[in-house]
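# Breakdown of the fold
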Amino acid sequence: MQTLQTTSLRVVDNRLWILDQQALPARSDWLAVDSVDELVACIQALKVRGAPLIGLSASLLLALLAQRETQREELEKGLETLRASRPTAVNLMNNLDRMRLALAADNYRDALMREALALVDEDRQLCDRIASAGSELVTPGSRLLTHCNTGGLATAGVGTALGVITHAWRQGKVQQVWVDETRPLLQGGRLTAWELGELGVPYRLICDSMAASLMAKGEVDAVWVGADRIAANGDVANKIGTYGLAVLARWHKIPFYVAAPRTTLDPDCPDGAAIPVEQRAAAEVTGVAGSFGSVRWAPEQAAVYNPAFDVTPAALISGWVLDSGVITPQDVANGALR
Ligand code: MRU
């Protein structure tokens, strides 16, 4: 197949490479991934992360394994193993549903490759459409706050919420971005700060707990976040801390927008209560670890609560910016996401 390159995925000579998002920004390490087990380990360690990217990497790996004479039964097993690698982001399941259809075709090796490449190409286009629809909502001189990482690293294109922000910045409408560091795994402090820096977008990094006082001072004009799953009633699962921001935004009368591609929609999921939320290891909260080394500060036996995501109720969301355009609370009430 031809060479493929996105910000964080590469295919060269029928081999998948991923940019290790745990090593960034200290190092840009590209890791070769040659098996389902290797990719599952990378996904679970968040070396590959972000809702769209998880689904795309899984689809590409299956397509590449099929080119290496891997048999249909083994590919089916691999598909199910990948599907179970992380539970919350529905893009993985949505992408793999399409890959499963391709796997059922007579010429499944070609069909899988065609489908994986189509998914990557579509994701690029979905990001562009989200960016242009969302930037219409950004008013000149805006100071925007974002959480986690929703940029090129997390997608095959310009990103979702971060794609909106960078597009609006290019249009001259963004004065500054407030970047939540996003504990416990610091996707904001490590990845969003790195991406914005590379693009030259002015940003300031804050601890998550600083958002409230910034809003109280009138320093935030809108909040933009991505999503891992959007239920039929508009409830949104996203990185832990998102719900708190939505509550703060409502109190301070600041618009709170969610940007996501159609692959993040789960019309079969009635509401946020039905979204499975991943629980992660205690070590992520008892200290920090990364390319910078590791430190533990909590007592050895500290009990920990560490959900990777939370659910923001639809009632706190000002608009859902999808590739098809902006969905309003009224649209959602009328069943636009069902
Ligand atoms: O645990 P992560 O880093 O995979 O969580 C990512 C997020 O919560 C993002 O906001 C979401 O996947 C959207 S990425 C375009």
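Residues numbered from 1 in each chain as written. Predicted model: local features only at pLDDT ≥ 70, side-chain atom pairs only at ≥ 80, totals over all residues.

### Side note on the domain arrangement of the protein chain
Put simply, the rule reads: What fixes the domain bounds is an automatic or database domain assignment. Remark: residues whose backbone-derived C-beta atoms lie within 7 Å of one another are considered to be in contact. A helix here means a DSSP run of H or I that spans at least four residues, while a strand means a run of E at least two residues long, and both kinds are numbered starting from the N terminus. Note on residue categories: nonpolar means Ala, Val, Leu, Ile, Met, Phe, Trp, Tyr, Cys or Pro, charged means Asp, Glu, Lys or Arg, and polar means any other residue, Gly included.
We note that the domain assignment places domain 1 (4-127) and domain 2 (139-333) within the protein chain. Of the residues lining the interface, 31 residues belong to domain 1; the matching set on domain 2 comes to 35 residues. Among the elements of the structure, helix H2 (51-67), helix H4 (90-103) and helix H5 (108-135) are those that each provide at least two residues to the side of domain 1 that touches domain 2. Class assignment for the residues of the side of domain 1 that touches domain 2 results in 15 nonpolar, eleven polar and five charged.

### A short note on the UniProt feature "site: Transition state stabilizer" (unreviewed entry) in the protein chain
Condition: UniProt positions are given in the numbering used here, feature names are shortened, and annotations may be inferred rather than shown by experiment. Three exposure classes are used. Buried residues have 20 or more other C-beta atoms within 10 Å of their own C-beta, exposed residues have 12 or fewer, and partly exposed residues fall in between, all C-beta atoms being placed from the backbone.
Mapped onto the present numbering, the UniProt feature "site: Transition state stabilizer" (unreviewed entry) falls on Cys 148. Assignment of secondary structure puts Cys 148 in the loop between strand E5 (142-146) and helix H6 (161-170). Given 29 C-beta atoms within a 10 Å radius, Cys 148 is considered buried. With residues up to four places along the chain from it excluded, the contact list for Cys 148 reads Thr 182, Gln 187, Gly 188, Gly 226, Asn 238 and Lys 239.

### Topic: the sheet that holds strand E7 (residues 203-206)
Selection criterion: Two strands qualify as a pair provided DSSP detects at least 2 bridges between them. Where helices are involved, their axes are fitted lines through C-alpha atoms of the stretch in contact, as for all axes, and angles between N-to-C directions lie from 0 to 180°.
Overall, mixed pairing links the seven strands, which are arranged E7-E6-E5-E8-E11-E16-E17 in an open sheet. The strands lining the two open edges of the sheet, one partner per strand, are E7 and strand E17 (325-327). Across the sheet, the mean angle separating the axes of adjacent strands is 25° when strand polarity is ignored. Of the pairings in the sheet, the one linking strand E6 (residues 174-180) to E7 comprises four bridges and is parallel in character.

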